[in-house]
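Chains, contacts and geometry: an overview
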Amino acid sequence: MKDKNNFTLEDFKKSVDKMIATSDSSYSGDTSFKRVSDLLTYSKEEAEQIIANGQPEELKDLSVSFFYSSGFYRRFILYYATFLKYTPVIIPHMSGNQKSITDTKYSKRYYESLEFFNKLNFEKLCQNFTLKVMVEGAYYGILRDYGADGVGIQDLPFDYCRTRFKTPDGIDIVELNLQYFDNIRDKTQRDQCLATFPPDVKKAYNAYKNRNESKWYMLEPGVGIHFCLYEERPFMLNVIPAIIDFDEYRELEKDKDKQELKKILVQEMPITSDGELVFDPEEVQEMHRGVVGMLKKNKDIDVLTSFGDVSLEDMQDARSVITNNLEKIEKTIYSEAGVSKQVFSADGNLSLEKSIQNDMALMMYLAGSYSIWLSYILNQHFGDNKINFTAKILPVSYYNNDEYISKTLDMAQYGYSFLVPSVALGLNQSEITDIKRLEIELLKLDVELIPLQSSHTQSDGGQTNKDEESATGEKPNNEKDQDKKSDRTLENEQSKDGGGN
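All figures in this text were calculated on a predicted structure; none of them were measured in a lab. (Residues numbered from 1 in each chain as written. Predicted model: local features only at pLDDT ≥ 70, side-chain atom pairs only at ≥ 80, totals over all residues. Heavy atoms only, no water.)

Another point: the overall build of the chain. Helix and strand counts for the chain come out as 19 helices and 10 strands. The buried share among the 501 residues of the chain stands at 35%. Counted over contacts in the chain with a minimum sequence separation of 6, partners at least 24 positions apart contribute 68%. Entry remark: accessible area of the chain is about 31800 Å², with carbon and sulfur atoms responsible for 50%. (Helix = DSSP H or I, 4+ residues; strand = E, 2+ residues; numbered from the N terminus. Buried < 20%, exposed > 50% of the residue type's maximum accessible area, 1.4 Å probe, protein only. Contact = heavy atoms within 4.5 Å. Areas by Shrake-Rupley, 256 points an atom, 1.4 Å probe, with all protein chains shown as cover.)

Burial along strand β10 (residues 387-393) is one-sided: the residues Ile-387, Phe-389, Ala-391 and Ile-393 are buried and none of Asn-388, Thr-390 and Lys-392 is. Relative to β10, strand β1 (residues 88-94) is paired through 7 bridges, and the arrangement is antiparallel. Looking across to β10, one finds that Pro-88 is bridged to Ile-393. (Pairing = 2+ DSSP bridges.)

A few words now on the packing of helix α4 (residues 71-81) against helix α6 (residues 122-136). Taken N-terminus to C-terminus, the directions of α4 and α6 make an angle of 140°; their axes are 8 Å apart at the nearest point. Overall, the two elements α4 and α6 adopt an arrangement that is oblique. Regarding α4 and α6, the two cross each other, and that crossing is right-handed. Here α4 contributes Ile-77, Leu-78, Tyr-80 and Ala-81 to the contact with α6, which in turn contributes Gln-127, Thr-130, Leu-131, Met-134 and Val-135. (Axes fitted to C-alpha atoms, helices over the stretch in contact; angles between N-to-C directions. Parallel < 35°, antiparallel > 145°, perpendicular 65-115°, else oblique. Left-handed = near helix turned anticlockwise from the far one by under 90°.)

Applying the stated criterion across every chain yields a total of 13 salt bridges. Measuring nitrogen to oxygen at the nearest pair gives 2.7 Å for the salt bridge that ties Asp-245 to Lys-44. Placement of Asp-245 in helix α9 (residues 240-261) and of Lys-44 in helix α2 (residues 44-53) is noted, with a sequence separation of 201 residues between them. Relative accessible area serves as the criterion here: at 17%, Asp-245 is assigned to the buried category. In this structure, Lys-166 and Asp-172 form a salt bridge, with 2.5 Å as the shortest nitrogen-oxygen distance. (Salt bridge = Lys/Arg side-chain N within 4 Å of Asp/Glu carboxyl O.)

Position of Thr-390 relative to the elements: it lies in strand β10. Sequence separation of Thr-390 and Leu-374 is 16 residues, and the distance between their C-alpha atoms is 8.1 Å. Setting aside anything within four residues of it in sequence, one finds Thr-390 in contact with Val-89, Ile-90, Ile-91, His-93 and Ser-375. Reaching out from Thr-390, the side chain makes a polar contact with the side chain of His-93 at a distance of 2.9 Å. (Polar contact = N/O pair within 3.5 Å; in protein donor to acceptor, adjacent residues only side chain to side chain.)

Time to look at the sheet that holds strand β2 (residues 139-145). On the basis of which strands lie adjacent, the open sheet formed by 3 strands has the order β3-β2-β7 and antiparallel pairing. Whereas interior strands pair on both sides, the edge strands pair on one side only; in this sheet they are β3 (151-155) and β7 (224-227). For this sheet, the mean angle separating the axes of adjacent strands, direction not counted, is 30°. Here β2 runs beside β7; their pairing, made up of 4 bridges, is antiparallel. Considered in β7, the bridge of Gly-141 is made with Ile-225.

Now the structure itself:
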């Protein structure tokens, strides 16, 4: 094995072909990340116009801008992106009764499918898919299979992809607009970019440039990846106008706060009963200048000199209106988002549970698309006419995790799946067997740590009593158990004994 400390520049150059660009702008300039300062700003009218009639690219740009600039919008998106734990159970199906999963050939395929899955880093992968779906309206990518080195997912630019067809299995066919590579003006960088794509994409681009063939290249099913939530449209767009209103009212409230800090010193010049001035205007001017000079270091006090009564209207009513409007708009934001405010700022739990259940139903629709895609990939690599695989994502979130595990453990006591509660705990199917082998074969924990007697550790037919007798040399004291029985139970037992005589 090569020593990592001796990894040379030449080794790095050789490994470039296996690298995956992390952004569609990786080759478009000096930086591969768009800065927040470069994002567009929108008025409420502009945002409403785009939401109503905008093109997909405009909708995406609007959503991306608010994802980076609005705390409300960002939290909503991240809430949904990380809502599920994305824990699948991989289930092999044998066709017909003549074959068994215990056959070496098929058990090997099962374990190979688990190894393939383990290299996907599936939870993080699905969170990335969901984040792109929520922000941009859809996710496009390419599956890169490096054999023994594992697999990787390469993101594709939303603006240069489309899907129009599906396979009978429900997999979307992705088409890539080869004009995307024309945006990279430097030929060296363009060649580097093409080298990170599958060879057939580079071949299609050369055919497009040299032989004037179609600019749209259709990727193989499973290789091209596409996900969206019902339609290619950012999910939270309708929240944006309310967010703009909220920001504007918050600025008004700031201005009102500043105004309340300000004080006005009013000095009223006396006037005689005949309406004559007591002081000459020149004297009044000097008095005014003197007071201003004394208070010039206090920025929060202004001076007003007047010959008549001066009044200032109370601004408290205006402040109350602004505060009430802020509260109303905040409620509107959560209402438009379809998310309970209690999730982010809890002060009660009346509707929180139902809201989370609705969110679960929404995200399981998207998780169903991930299940179909993963099942398709597993069958492409390891399935045949005798064995095929289904990947079932469990309805487990970080909100219902404990409840789900408890229910599935109860079902396991009646003979249902032992895998499901283990997977819900965060272990994948390979890790479940690996950790048990570690505990039993290497650490001998089944000998060192004897579990308490329960329905899981006891066997039928009085075996526990026999074990107790063999361990102590004495019969178990059933009289104590008899004493614990209720009078009603004893009466029933006696009646049965009497009836049998």
